[in-house]
Amino acid sequence: MRGDAVPCMADDAVALWTSADLSTTTGGNLYLRHLIQALEEAGVPVRLTAAPPTGAPPRVLLVDSLVLDRAAAWMAAGRGDAAEPPARVVALMLFQPSAADPDRAARWRRAEAAVLSRADVVIAVGPTQGRALRGLVASSDRLRVIPPGKDAPGPHPGAPSRKPRERLRLLCVANWSPVKRIHLLLEALARLPDVVTLDLVGAVLDPDYAARLRAAIVALGVERRVRVHGPLAGSDLARRYAAADVFVLPSAYESYGVAAAEALAFGLPVVGCGVPGLRDLLGEGRGGILVPPDDVAALTSALERVTRDPGLRARLAREAVARGAALPTWAQTRRALREALLPLLGAKAHRPAC
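Quick summary incoming for the structure in this document. Just so we're clear, the structure is a prediction, and the values are computed from it rather than from any experiment.

### Some thoughts on the packing of helix α1 (residues 27-41) against helix α13 (residues 330-341)
- Running from amino to carboxyl end, α1 crosses α13 at an angle of 65°, the nearest separation of the two axes being 9 Å. Taken as a pair, α1 and α13 cross one another with a handedness that is right-handed. Taken together, the residues of α13 that come into contact with α1 (itself represented by Leu-30, Tyr-31, His-34, Leu-35, Gln-37, Ala-38, Leu-39 and Glu-41) are Trp-330, Thr-333, Arg-334, Leu-337, Arg-338 and Leu-341.

Written as structure tokens, this is what we have:
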């Protein structure tokens, strides 16, 4: 055994409590897969659970924000049947439920306060989210801001030098759920010249919303201008980024915006809404244009500007390349996650895998 190596952790050292199907392509699931990889690279297996632990608890319990309300009830009940000493709890705020679900914001705020105030570590995925959560954690040293990564360490090799052309291709990579506001993008597209086309990439998360979108494509008369690709990954997704001219994400809420970060790495100008995650990515004019959420007129105006002005598009593309290169890679994100989590196990972040 090498000098700093230690035996592998037991299988019950870390448990991840989540209701997510990690095989589904979402930004949150991608983050969780990299978190699991980060710990396994350090020799720490992660057990997935859809329920709170009973009996002897894991040494560290990772709580996905998807189950924050259930975790709050579990904590209020004395952590169920878990034996003492209780697990160290890490709240993974891949999104902030009270911001993402305004109709039930009060309920979610109570759950956030209950869990975050008692968590040993709270992980936020962006600076804006970190500031919003700061007052809920027990002390500031328990809060870590660890953004998602991107695949390429610099300008993506698939990013072409985009030259002005007659037809312009918009790209939206977003799963089909109401919070993504894809219907507003379809309305904006219908107001743009016919030379502007749209590629939609994403899985159906809400069948009723998907039916609404397909009906809107027909009702708005944009059938010939919209291509629906479904979920894509790897080289298939990379080809869509490389072939596009402008990336559009009209979401009403994004905790970070992994797809927008990838778009920047491809040198794509981003048009999106001024929600926390996209503000963190773009700031003021760093590779894109932000408009108020749920404002189809403002979204249309921004798209008109970038589609009609090749000079503006070229400037934003240059800024996108620079901004994308400055964003963390997934390797950097995994290292930051190890640095935050391994001390809870009494282990060092650089410990080699077994």
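### Regarding the sheet that holds strand β10 (residues 246-249)
- Pairing is parallel in the open sheet, where six strands are placed in the order β9-β8-β7-β10-β11-β12. Here the strands that pair on one side only, and so sit at the sheet edges, are β9 (226-230) and β12 (288-291). Strand-to-strand, the axes of this sheet are offset by a mean angle of 20°, without reference to chain direction.
- Lying on the sheet, helix α6 (residues 182-190) is in contact with β7 (168-173), β8 (196-201), β9 and β10; it crosses β8 at an angle near 165°.
- Packing against the sheet, helix α8 (residues 234-243) makes contact with β7, β8, β9 and β10, and its axis sits at approximately 140° to β7.

### Quick look at the packing of α6 against helix α11 (residues 296-308)
- Interaxial distance between α6 and α11 falls to 9 Å at its minimum, and their mutual angle equals 55°. The angle between α6 and α11 places the two elements in the oblique class. Crossing geometry of α6 relative to α11 is assigned as right-handed. Residues Leu-184, Leu-185, Glu-187 and Ala-188 of α6 form the contact with α11, whose participating residues are Val-296, Leu-299, Thr-300 and Leu-303.
- Tallied by class, the residues present in the contact of α6 with α11 amount to six nonpolar, one polar and one charged.

### Some thoughts on the pattern of salt bridges
- Inspection of every chain in the model, using the stated rule, returns twelve salt bridges.
- For Asp-101, the salt bridge is made with Arg-104, and the minimal N-O distance between the two is 2.7 Å.
- A residue is classified by how much of its surface remains accessible, and Arg-104, at 39% relative accessible area, is partly exposed.
- The closest approach of N and O atoms between Arg-227 and Asp-199, which form a salt bridge, is 3.1 Å. Pair noted here: Arg-227 is in strand β9 and Asp-199 is in strand β8, with a separation of 28 residues, a long-range link.
- Assessed through its relative accessible area of 37%, Arg-227 is described here as partly exposed.
- Judged by its relative accessible area of 3%, Asp-199 falls in the buried class.
- Each member of the salt-bridge network shares a partner with another, and the members are Glu-41, Arg-334 and Arg-338.

Parameters at a glance
- Residues numbered from 1 in each chain as written.
- Predicted model: local features only at pLDDT ≥ 70, side-chain atom pairs only at ≥ 80, totals over all residues.
- Heavy atoms only, no water.
- Axes fitted to C-alpha atoms, helices over the stretch in contact; angles between N-to-C directions.
- Helix = DSSP H or I, 4+ residues; strand = E, 2+ residues; numbered from the N terminus.
- Left-handed = near helix turned anticlockwise from the far one by under 90°.
- Contact = heavy atoms within 4.5 Å.
- Pairing = 2+ DSSP bridges.
- Parallel < 35°, antiparallel > 145°, perpendicular 65-115°, else oblique.
- Nonpolar A, V, L, I, M, F, W, Y, C, P; charged D, E, K, R; others polar.
- Salt bridge = Lys/Arg side-chain N within 4 Å of Asp/Glu carboxyl O.
- Buried < 20%, exposed > 50% of the residue type's maximum accessible area, 1.4 Å probe, protein only.

Nothing here speaks to function; it is geometry throughout.
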